[in-house]
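Topology and contacts: notes
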Amino acid sequence: MTAISLVGQQRFAFDRQRVIGTIFVMLGLVDIFVFGVYSQGDAVFTFTLTGAAVSVPNLAIAAAPVCYGLGALSIVLGSLYAGVKFTKLPQRLVAGAVTLGFVVAFLCWSDAGRIPLPFVSLMQSTMLASIPLVLGALSGCLCERSGVINIAIEGQLLLGAFAGAVIASAFGSLWLGLLTGSLAGGLLAVLLAVFTIRYMVDQIILGVVLNVFASGLTGYLYDQALVPYQTRLNSPATFTPIKIPVLGDIPILGPIFFDSTIFLYMTYAAVALVHIGLFKTRWGLRVRAVGEHPTAADTVGIRVLWTRYRNVILGGLLAGIGGASLSIGSVGSFGKDMSSGQGYIALAAMIFGRWTPLGATGAALLFGFSVACANVLGTIGCPIPSDFLLMLPYVATIVAVAGFVGKSQAPKADGKPYVKS
Amino acid sequence: MSEQDVGPEGGGTARPAQSQPAEGAGEPDPASATAAEVLSPRGSGVGTQLLNAVLEGSSAVVTILAILLAIVIGGLLIAFTSPTVLHAWSHLFSSPGNAFAKAWDVAASAYSAMFEGAIVNPHTITAAFHGGSTAAIFNPLSETAVNATPLILAGLAVALAFRAGLFNIGATGQFIGGAMIAGWIGYAVHLPMIIHVVVAVIGGFVGGAIVGAFVGDLKARTGAHEVIVTIMLNYVMEFLILFLLGLTVFRAAGSPNPISPTVLNNATLPHLAGVNLRINAGFLLALAAAAAVAWLLSRTTLGFELRTVGANQNAARAAGMSPERTWVKVMTICGGLAGLAGASVILGTDFALTPQIYGTYGIDAITVALLGRAKPGGVVLAALLYGSLNAGSVTMQAQTQIPVDIATVIQALIVLFVAAPPFVREVFHLRARRAGSDGQLLAKGWSA
């Protein structure tokens, strides 16, 4: 690291804080001058699904004043952020508050004066859309914390979706489909691992190539086998939702968090396991050591290459489950290129979340929310085109890599093959 | 694509972004005949040179073996997903000959159909002697050229960025930017003959360049990694074109589908060999662009700068160059090249904007650039190979009902193997070469 590039990095750091503060202020201005000014009447949110045991009254709020208030708050917080040097925790709180305020203002505006917004089903589809994103992002965390860049999440999702659908359909067992989907993701991860670790192929290039490979292979097999034998090979059942006894009956929260398919519960478990594993155990300390400084890790006796193989494959198994959730979680069939870029959103979520499982999960939920909005808001006659809502995760990620996420956030040895000297 | 590409630039040093410059730099590449004839310590005769190249697996040999390996695997995939072959193999022990013969038949017929669709179909020659059309003979080659045109241009966009140490995954987004502006000029603006098509093509370059420049500028200013930004921009542009085609400005009058009006006749790229063959001036444009990039790389200050920045950023900075400014320039040119690819499609073959206009060109461009080892000549050859696979697979699907996606599988496998020379050497039991002599493309992480 030369002096020149250090100077450059300091400049970046200074710019970043101001840039983010400015973005927060701009979001506040949007709250006021777009959402506030153009909101007429009340926004009504319904919280009760048909057939729920406890009925929660609808919430009607005057949209415009709420937007003004939230906008003013965001502007104050944004200016503080740009001007005052915060430590990490307040930084995060401010970022969270501004984002939440923006989301609420947006929802108020999009529903003001229209038919009531079904809040619970919006959040349910958020959770559903987030499952592959969270699992994909965790796959990315596992790989990249050990020093292997994983662009192939997209391919792992796709292969998982394909294998899950075919096996579940052919053998009539959803659990077998889930297992095979996971293994298929793991198989692509094996390719990724062998070619990057053993043959030292550039990891970004290989990821892209593997995505093309997975897309070509599943597309070929789809046309060759799944189309002619649709009923036998591509008509799997889907997992039925499991309601958790007590928690599932809580109004509002119950149906959102505790009344879903096994995939959502597996996702909870995966987030917890990966977070605890990476940051609270000796295992995780070693993984991170390998990702930051493989030579040092090797010196103290950690098996660098083995750690990388294991983590990449573990990641692939997780992403494969995420893929299976696409086909046998809700849809009930495999479609050509059905992952449709979600692997890349997962990658973005991981980067947005600064290579941490919890951060990545938060980002994935946010991205899942924008996907769910695109689906749900169209039905209530929201004026914003769904294309823009679908574009949102990508724009947010560009803003994030330009503003939030510094160069220094990635593990030091991420993307660099390790040669024992 | 072996000797001539190494040509004026010598052996190892000119390769894009070597992973281990300390070991590899300065070593003459013993495999390339031109450099090796003068410098190689081993063997003197051309025959010995050739033998060494084959045994050691030079880059050309590895490329050829990679293509062979991919075709063999593709053939196995074709054979063992075919119902007739699987049926024959279920009776393997009663009639083993039949099982192997069926597998061979299916794969061979698929590949021969592919050849007929990409190079030449013998039936059209005999038909021509009996009064058929002569244009039909050249139709496969024309299709190959048409398929290769956007791949050459977009491939150059990726390859040039590689040389500057940047990984441009954003050819898709830049392609859309170019196609949108070229298409809009094509159908909405009225200009005289020739001038119209020239303006539309320039518009395509500008459209792509804007998208590319944004990436370069963002990287220069904030250090945002170009891989992330380009991936995200691809999707932003995909949704942008979807949104625009929903507006009346971009939508063909009265059309229920998201499709733009048809490009005016004045703005279409002229056919090169009669109206029956789709080959058009876009192919010449692509070849000219490749020549221009070759010239840019080897004969201009900017080319020298970008190769230096690509090889070693810190050295470039110490020598007074500004990597940041170079990134912006390079990404602008790369974006423009991908934009030209968009223009060549909208003005040459498709004639109307659709939400799927970008196809898979942007992603294929990456594999083309890798197969062409980020050299303009290599990119042209690789794009022709991919163009022939794409053109051939369409005929193959028509004749044998084998899905076109097999071409994608073969292409991905080729690049997978080309990117991993040690793997190919292991498979074919070739001698290992010295460390660092493979000149791996661009090995860097997020923080580089």
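Residues numbered from 1 in each chain as written. Chains lettered and ligands numbered in written order. Predicted model: local features only at pLDDT ≥ 70, side-chain atom pairs only at ≥ 80, totals over all residues.

1. Comments concerning the overall build of chain A
What chain A contains, in helices and strands, is 16 helices and five strands. Computed over the C-alpha atoms, the radius of gyration of chain A is 23 Å, within 12% of the 22 Å expected from 2.2 N^0.38 for a compact globule of 421 residues. Each principal axis of the C-alpha distribution contributes one length, and for chain A these read about 65 × 65 × 40 Å. Among the 421 residues that make up chain A, the fraction classed as buried is 53%. Long-range pairs, those at least 24 residues apart, make up 78% of the contacts in chain A with a sequence separation of at least 6. (Helix = DSSP H or I, 4+ residues; strand = E, 2+ residues; numbered from the N terminus. Rg over C-alpha atoms; globule rule 2.2 N^0.38 Å. Buried ≥ 20, exposed ≤ 12 C-beta atoms within 10 Å, placed from the backbone. Contact = placed C-beta atoms within 7 Å.)

2. Description of the overall build of chain B
Per the secondary structure count, chain B includes 20 helices and zero strands. Looking at the 448 residues of chain B, the share that counts as buried comes to 55%. Once local pairs closer than 6 in sequence are excluded, the contacts in chain B between residues at least 24 apart make up 74%.

3. A few points about the environment of Ser112 of chain B
All names here are of chain B. Looking at the secondary structure, you find Ser112 in helix α7 (residues 96-118). The exposure class assigned to Ser112 is partly exposed, which follows from the 16 C-beta atoms found within 10 Å. Residues Ser112 and Ala79 lie 33 residues apart in sequence; the distance between their C-alpha atoms is 14 Å.

4. What about the pairing of strand β1 (residues 42-46) of chain A?
All names here are of chain A. As defined by bridge partners, β1 adjoins strand β2 (residues 59-62) across four bridges and the pair is classed as antiparallel. Following the sheet pairing, Val44 is matched in β2 by Ala60. Pairing geometry for β1 and strand β3 (residues 117-118), over two bridges, is parallel. Residue Phe45 lies in a different strand from β3, and its bridge partner there is Leu117. (Pairing = 2+ DSSP bridges.)

5. Some details on the domain arrangement of chain A
For chain A, the assigned domains read domain 1 (14-114) and domain 2 (128-409). Each of domain 1 of chain A and domain 2 of chain A has a C-alpha centre, and the two are 29 Å apart. (Domains from an automatic or database assignment.)

6. Examining helix α6 (residues 174-198) of chain A
Relative to the 36 Å expected for 25 residues at 1.5 Å per residue, α6 of chain A spans 35 Å between its end C-alpha atoms, a close match to the ideal helical length. Following α6 of chain A by one or two positions, Met200 of chain A has its phi on the positive side, about 55 degrees. (Expected span 1.5 Å × (residues − 1).)

7. Focus on the sheet that holds β2 of chain A
Strand pairing in a sheet takes place through backbone hydrogen bonds and is either antiparallel or parallel in direction. All names here are of chain A. Spatially, β2-β1-β3 is the arrangement adopted by the three strands of the open sheet, whose pairing is mixed. The strands lining the two open edges of the sheet, one partner per strand, are β2 and β3. Seen against the sheet, helix α2 (residues 63-83) touches β1 and β2 and runs at an angle of roughly 65 degrees to β2. Along the sheet, helix α3 (residues 88-111) contacts β1, β2 and β3; its crossing angle with β1, the most-contacted strand, is approximately 105 degrees. (Axes fitted to C-alpha atoms, helices over the stretch in contact; angles between N-to-C directions.)

8. Some thoughts on the environment of Thr397 of chain A
Mapped onto the secondary structure, Thr397 of chain A falls in helix α16 (residues 386-404). Its 29 C-beta neighbours within 10 Å are what place Thr397 of chain A among the buried residues.

9. Observations concerning the interface of chain B and chain A
The partner chain A presents 47 residues to the 47 residues of chain B that form the contact. Looking at which element gives the most residues to the side of chain B that touches chain A, the answer is helix α12 (residues 226-244) of chain B, with 11 residues.

10. Considerations on helix α17 (residues 361-371) of chain B
All names here are of chain B. For α17, the tally of buried residues reaches 11 of 11 residues, placing the bulk of the element in the interior. Along α17, the residues classified as buried are Tyr361, Gly362, Ile363, Asp364, Ala365, Ile366, Thr367, Val368, Ala369, Leu370 and Leu371. Once α17 finishes, Arg373 follows within two positions and takes phi at roughly 50 degrees, a positive value.

11. A few points about the environment of Gly392 of chain B
For Gly392 of chain B, the location among the structural elements is in helix α18 (residues 376-400). In contact with Gly392 of chain B, not counting residues within four places along its chain, are Met114, Phe115, Gly117 and Ala118 of chain B.

12. Digging into the packing of helix α5 (residues 153-171) of chain A against helix α13 (residues 304-331) of chain A
All names here are of chain A. For the pair α5 and α13, the least separation of the axes is 6 Å and the interaxial angle reads 55 degrees. Taken together, the axes of α5 and α13 are oblique relative to one another. α13 is crossed by α5, and the crossing has right-handed handedness. Touching Ile153, Gln156, Leu157, Leu158, Leu159, Gly160, Ala161, Gly164, Ala165 and Ala168 of α5 are Gly316, Ala319, Gly320, Ile321, Gly322, Gly323, Ala324, Leu326, Ser327 and Ile328, all from α13. (Parallel < 35°, antiparallel > 145°, perpendicular 65-115°, else oblique. Left-handed = near helix turned anticlockwise from the far one by under 90°.)

13. Some words on the packing of helix α13 (residues 281-299) of chain B against helix α16 (residues 323-350) of chain B
All names here are of chain B. Look at α13 against α16: their axes get within 10 Å of each other, and the N-to-C directions meet at 170 degrees. The angle between the axes of α13 and α16 places the two elements in the roughly antiparallel class. For α13 against α16, the interelement crossing comes out left-handed. In this structure, α13 contributes Gly282, Leu285, Ala286 and Ala289 to the contact, and α16 contributes Leu337, Leu340, Ser344 and Gly348. Looking at the contact of α13 with α16, its residues break down into five nonpolar, three polar and no charged. (Nonpolar A, V, L, I, M, F, W, Y, C, P; charged D, E, K, R; others polar.)

14. Points about the nonpolar core
Counting 276 residues, the largest nonpolar core has Ala349 of chain A together with Ala157 of chain B as its most contacted members. Per element, the largest residue contribution to this core is 15 residues, and it comes from helix α4 (residues 119-145) of chain A. Counting the residues that make up this core, at least three belong to each of domain 1 (14-114) and domain 2 (128-409) of chain A. Excluding anything up to four places from it in sequence, Ala157 of chain B contacts Asn168, Ala171, Gln174, Cys334, Leu337, Ala338 and Ala365 of chain B. (Core = buried A, V, L, I, M, F, W, Y, C linked by C-beta atoms within 7 Å.)

15. Regarding the confidence of the model for chain A
When pLDDT drops low, the exact placement of atoms in the prediction is not to be read closely. Overall, the prediction assigns chain A a mean pLDDT of 86, with 93% of residues at 70 or greater. Segment residues 1-11 of chain A: pLDDT under 50, and four contacts once partners within four positions in sequence are set aside and those in other chains are kept. (pLDDT = per-residue confidence, 0-100.)

16. Digging into unusual backbone geometry
Residues and elements named next belong to chain A. Even without being glycine, Met200 reaches a positive phi, approximately 55 degrees. By secondary structure assignment, the location of Met200 is in the loop between α6 and α7 (203-226). Of note, Trp355 is a non-glycine position whose phi angle comes to about 60 degrees, a positive value. Within the secondary structure layout, Trp355 lies in the loop between α14 (342-352) and α15 (357-377).

17. Quick word on the confidence of the model for chain B
All names here are of chain B. Averaged over all residues, the pLDDT of chain B is 83; the fraction at 70 or higher stands at 84%. When the criterion is pLDDT under 50, residues 435-443 qualifies, and its contacts beyond four places in sequence or with other chains add up to 33 contacts. Interface predicted TM-score (ipTM) for the complex: 0.84; the corresponding pTM is 0.85.

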